Amino acid sequence: TKPTLNGKLDEPCWNTDGVRLAAADGHPATARFAHDDRFLYVAVTAVHPPGQQAAKATARSRDADLRGHDRVELRIDLDRDRGSFYRLKVDHRGCVAEDCTGDATWNPNWFVAVDPTPAGWTAEVAIPLAELTGSPTAGQTWGVDVRRVVPGVG
């Protein structure tokens, strides 16, 4: 079923083990994926040590500078050439940035919700397939890389 983007990860489509991301000490993370005929959905659960909770951003601008913030970066390589890719970033406050192989003028309409908690944060992302490629074909294989970046930690 299509998730409701609220950052809570309480929909049936997220009831999977997911993919564990390589973690810096005290900062494990897991990514989960789902799709329908219109969207690629990504859910992230990111844990952090106590005392590092951040409030949600009250306003979000496009292409925010996320370098000083706990974030997840999603790279999608449609043709698996390892040279061109879409990169979408979301941080623990819900701020976002994106580019297409370094070109920050690529400004897709995508949707993000985060839920910061004392133990970490979760994010739900919906990326319209039309923003990436139009309609994927049956049997098409994409390369996907998900990274968590924790400033000062790794």
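How each quantity is defined
Residues numbered from 1 in each chain as written. Predicted model: local features only at pLDDT ≥ 70, side-chain atom pairs only at ≥ 80, totals over all residues. Heavy atoms only, no water. Pairing = 2+ DSSP bridges. Helix = DSSP H or I, 4+ residues; strand = E, 2+ residues; numbered from the N terminus. Axes fitted to C-alpha atoms, helices over the stretch in contact; angles between N-to-C directions. Core = buried A, V, L, I, M, F, W, Y, C linked by side-chain atoms within 4.5 Å. Buried < 20%, exposed > 50% of the residue type's maximum accessible area, 1.4 Å probe, protein only. Contact = heavy atoms within 4.5 Å. Salt bridge = Lys/Arg side-chain N within 4 Å of Asp/Glu carboxyl O.

Participant: Help me get a handle on the sheet that holds strand S6 (residues 96–100), residues and values and all.
Facilitator: Taken together, four strands build an open sheet; the order of strands is S6-S5-S4-S9 and the sheet is antiparallel. The strands lining the two open edges of the sheet, one partner per strand, are S6 and strand S9 (143–149). Strand-to-strand, the axes of this sheet are offset by a mean angle of 15°, without reference to chain direction. Alignment of strand S4 (residues 71–77) against S9, held across seven bridges, turns out to be antiparallel. In the sheet register, aspartate 77 faces S9, and the bridge partner there is glycine 143.

Participant: Which residues make up the nonpolar core, and what are the values?
Facilitator: One finds Leu74, Ile76, Leu88, Val112, Ile127 and Leu132 to be the most contacted residues of the largest nonpolar core, which totals 26 residues. Elements represented by at least two residues in this core include exactly strand S2 (29–35), strand S3 (39–47), S4, strand S5 (86–91), strand S7 (111–117), strand S8 (120–128) and helix H1 (129–132). Those residues within four positions of isoleucine 127 in sequence are excluded, and the remaining contacts are Arg38, Phe39, Leu40, Leu74, Ile76, Leu88, Trp110 and Leu132. Cys13, Trp14, Phe39 and Tyr41 belong to the second largest nonpolar core, which has eight residues in total.

Participant: I'd love a proper account of the pattern of salt bridges, names of residues and values included.
Facilitator: The full count for this structure, using the stated rule, is nine salt bridges. Ionic pairing is found between arginine 147 and aspartate 145, a salt bridge with its closest N-O pair at 2.5 Å. Its relative accessible area of 41% is what places arginine 147 among the partly exposed residues. We classify aspartate 145 as partly exposed; its relative accessible area is 27%.

Participant: Now, about the side chain of aspartate 70: what can you tell me, with residues and values included?
Facilitator: Looking at the secondary structure, you find aspartate 70 in the loop between S3 and S4. A relative accessible area of 8% means that aspartate 70 is categorised as buried. Among residues more than four places away in sequence, those in contact with aspartate 70 are Asp91, His92, Trp121, Arg148, Val149, Val150 and Pro151.

Participant: I'd like a description of the pairing of S5, backed by residues and values.
Facilitator: S5 sits mainly inside the fold: six of its six residues count as buried. Side-chain alternation along S5 places Tyr86, Leu88 and Val90 on one buried face and Arg87, Lys89 and Asp91 on a second face that is also buried. As judged from the six bridges shared by S4 and S5, these two strands associate in the antiparallel manner. Bridge pairing links arginine 75 to arginine 87 in S5. The pairing of S5 with S6 spans five bridges and is classified as antiparallel. Bridging from a neighbouring strand, lysine 89 pairs with alanine 97 of S6. The loop that links S5 with its antiparallel partner S6 comprises four residues; one of these, glycine 94, has a positive phi angle of about 100°.

Participant: Any details on the pairing of S2? Residues and values, ideally.
Facilitator: Where burial is concerned, most of S2 is hidden: five out of the seven residues are buried. Where strand S1 (residues 19–21) lies against S2, three bridges are found, and the strand directions are antiparallel. Residue arginine 20 lies in a different strand from S2, and its bridge partner there is threonine 30. The pairing of S2 with S3 spans seven bridges and is classified as antiparallel. Its bridge partner being in S3, phenylalanine 33 is matched across the sheet by valine 42. Joining the antiparallel neighbours S2 and S3 is a turn of three residues.

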